[in-house]
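Now for the letters of each chain:
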Amino acid sequence: MTILEKIYNIASYFNYPVFLQGSLGEDDKYPDTFITYWVPNSEDIAHYNNLTHTVDWDISIIFYTKDTKLLNTVPEEILAYFRSEGFIPQGKGNLIASDEPTHVGFVIDFKYIEIQK
């Protein structure tokens, strides 16, 4: 399973639509609540026998909603569930602007250390 598949599968646990960040088209209507993910960077951090052994992934999970009350619970649930799946939170997250004036976003950044098989 690739890291993108892993992220998608974990984010799908919350029963909201899940998209790669930026993949909604200009004419697509935003769902009332949804989750996006982005992988801005990865870095090899260990090598053995001239092969990559360990990769450090940077991952952003962004929760968007029209219902601002959900910001009181869902981001904390996302943080806890991703942590339980081996992702390392980089703080508790923060609000993020949305392209739609009807929505607000909350982003949580994680590290994921992958041992290559």
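Structure: see above.
Residues numbered from 1 in each chain as written. Predicted model: local features only at pLDDT ≥ 70, side-chain atom pairs only at ≥ 80, totals over all residues. Heavy atoms only, no water.

So, the environment of Val55
What counts is decided by this rule: What counts as a helix is a DSSP run of H or I of at least four residues, what counts as a strand is a run of E of at least two, and both are numbered from the N terminus. Exposure categories follow from relative accessible area, calculated using a 1.4 Å probe and restricted to protein chains: below 20% of the type maximum is buried, above 50% is exposed, and the middle band is partly exposed. Note on contacts: a residue pair qualifies if any of its non-hydrogen atoms lie within 4.5 Å across the two residues.
Its location among the elements puts Val55 in strand 3 (residues 51–65). What makes Val55 buried here is its relative accessible area of 7%. Excluding residues within four positions of it along the chain, Val55 makes contact with Ser42, Glu43, Asp44, Ile45, Tyr112, Ile113, Glu114 and Gln116.

A few points about the nonpolar core
What counts is decided by this rule: What makes a nonpolar core is a set of buried Ala, Val, Leu, Ile, Met, Phe, Trp, Tyr and Cys residues whose side-chain atoms join them at distances within 4.5 Å.
Ile7, Ile35, Ile59, Ile61, Ile78, Phe82 and Phe87 are the most contacted members of the largest nonpolar core, which totals 23 residues. Residue assignment for this core shows that the elements contributing at least two residues are helix 1 (3–11), strand 2 (33–48), strand 3, helix 2 (74–84) and strand 6 (104–115). Ranked by residues supplied to this core, first place goes to strand 3 with five residues. Other than its neighbours up to four places away in sequence, Phe82 contacts Ile7, Ile10, Ala11, Ile61, Phe87 and Phe110.

So, a nonpolar patch on the surface
Where we set the bar: Patches in this entry comprise residues that are over 30% relatively accessible and not in a salt bridge; like charges within 9 Å are linked, as are nonpolar side chains (Val, Leu, Ile, Met, Phe, Trp, Tyr) within 5 Å. Per-residue and other accessible areas were derived by the Shrake-Rupley procedure at a 1.4 Å probe size, with only the shown protein chains allowed to occlude residues. Whenever Lys or Arg places a side-chain nitrogen within 4 Å of a carboxyl oxygen from Asp or Glu, that contact is recorded as a salt bridge.
A cluster of nonpolar side chains, Ile45, Ile88, Ile113 and Ile115, forms an exposed patch at the surface whose accessible area comes to about 330 Å². Tracing the chain through its elements places Ile88 in strand 4 (residues 88–89).

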